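What follows is each chain in one-letter form.
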Amino acid sequence: MMGARDDDHDLFEHGLFDDADSDGVGDEFADEPAEHTYSVPEFVDHVNELLRDSFSGMWVTGEIEGWNGRGQHAYFSLVGIAPDGKKAVLNAALFSFNRRRVEGVLQRAGLS
């Protein structure tokens, strides 16, 4: 797990979560609605924007498990073991355009 950087976007800072209760246990459902209630598409777009801004140019390495490439897309999990021995898993989808690019690179490198 990566440590937070000062310039990282913070979901609390952007009003996605209420951090008023310092012990992490709070009233998740306030009596009054938030100043802005997000629709599902708005929420997903906002979170994706925060993630893109926070993690652009980042690379992740791990082992591929559960490869399913029967169709034009491929689905798999990228897995790593943390220093404390816990398994960390990122579920991933490789859509057709990117799959062709990745497979081409792997073939040229003699890895597939």
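Residues numbered from 1 in each chain as written. Predicted model: local features only at pLDDT ≥ 70, side-chain atom pairs only at ≥ 80, totals over all residues. Heavy atoms only, no water.

On to the packing of aromatic side chains, then. Scanning the model with the defined rule gives two aromatic pairs in all. Consider the rings of Tyr38 and Phe43, whose centres lie 6.3 Å apart with planes at 75°: the pair is edge-to-face. For Tyr38, a relative accessible area of 29% gives the class partly exposed. Classification of Phe43 by relative accessible area gives partly exposed; the value is 32%. Both rings, one in Trp67 and one in Phe76, keep their centres 5.6 Å apart while their planes meet at 25°; by these two values the pair is stacked. Overall, the relative accessible area of 42% leaves Trp67 in the partly exposed class. Given the relative accessible area of 15%, Phe76 is considered buried. (Phe/Tyr/Trp six-rings, centres within 6.5 Å; stacked < 30°, edge-to-face > 60°. Buried < 20%, exposed > 50% of the residue type's maximum accessible area, 1.4 Å probe, protein only.)

Moving on: the sheet that holds strand S3 (residues 87-94). On the basis of which strands lie adjacent, the open sheet formed by three strands has the order S1-S2-S3 and antiparallel pairing. In this open sheet, the two edge strands, each paired with only one partner strand, are strand S1 (63-68) and S3. When strand polarity is set aside, the average angle formed by the axes of neighbouring strands in this sheet is 25°. Its contacts with the sheet place helix H2 (residues 96-108) against S1, strand S2 (74-81) and S3, and it is angled at close to 105° to S3. (Pairing = 2+ DSSP bridges. Helix = DSSP H or I, 4+ residues; strand = E, 2+ residues; numbered from the N terminus. Axes fitted to C-alpha atoms, helices over the stretch in contact; angles between N-to-C directions. Contact = heavy atoms within 4.5 Å.)

Further remarks concern the pairing of S3. Here S2 runs beside S3; their pairing, made up of eight bridges, is antiparallel. From the neighbouring strand, Gly80 faces S3, where its bridge partner is Ala88.

Of the strand pairs in this sheet, S1 and S2 are connected by four bridges, and their pairing is antiparallel. Across the sheet, residue Glu63 finds its bridge partner in S2, namely Val79. Between S1 and the antiparallel strand that follows it, S2, lie five residues. A loop of five residues connects S2 with S3, the two strands running antiparallel in sequence, and Gly85 in this loop sits at a positive phi of about 90°.

Bringing the confidence of the model for the protein chain into the picture now. For the protein chain, the mean per-residue pLDDT works out to 79, and 71% of the residues sit at or above 70. pLDDT under 50 marks residues 1-9. Its contacts with residues more than four places away, or in other chains, come to nine contacts. (pLDDT = per-residue confidence, 0-100.)

Okay, a negative patch on the surface next. Taken together, Glu42, Asp45, Glu49 and Asp53 make up a surface patch of like negative charges. Positionally, Glu49 belongs in helix H1 (residues 40-55). (Patch = residues over 30% accessible without salt bridge, like charges linked within 9 Å, V, L, I, M, F, W, Y side chains within 5 Å. Areas by Shrake-Rupley, 256 points an atom, 1.4 Å probe, with all protein chains shown as cover. Salt bridge = Lys/Arg side-chain N within 4 Å of Asp/Glu carboxyl O. Lys, Arg positive; Asp, Glu negative; His and termini not counted. Charge placed at Lys NZ, Arg CZ, Asp CG, Glu CD.)

Looking now at H1. Given a rise of 1.5 Å per residue, 16 residues ought to cover 22 Å, and the 22 Å separating the end C-alpha atoms of H1 matches this to within 8%. Within the span of H1, buried status applies to Val47, Leu50 and Ser54. Buried residues in H1, looked at end-on, bunch into an arc of 60°, giving them a common side. Those residues of H1 that are exposed and aimed more than 90 degrees away from the buried face are Pro41, Asp45 and Arg52. Just beyond H1, the residue with positive phi is Gly57, at close to 75°. (Expected span 1.5 Å × (residues − 1). Arc of directions from axis to C-beta.)

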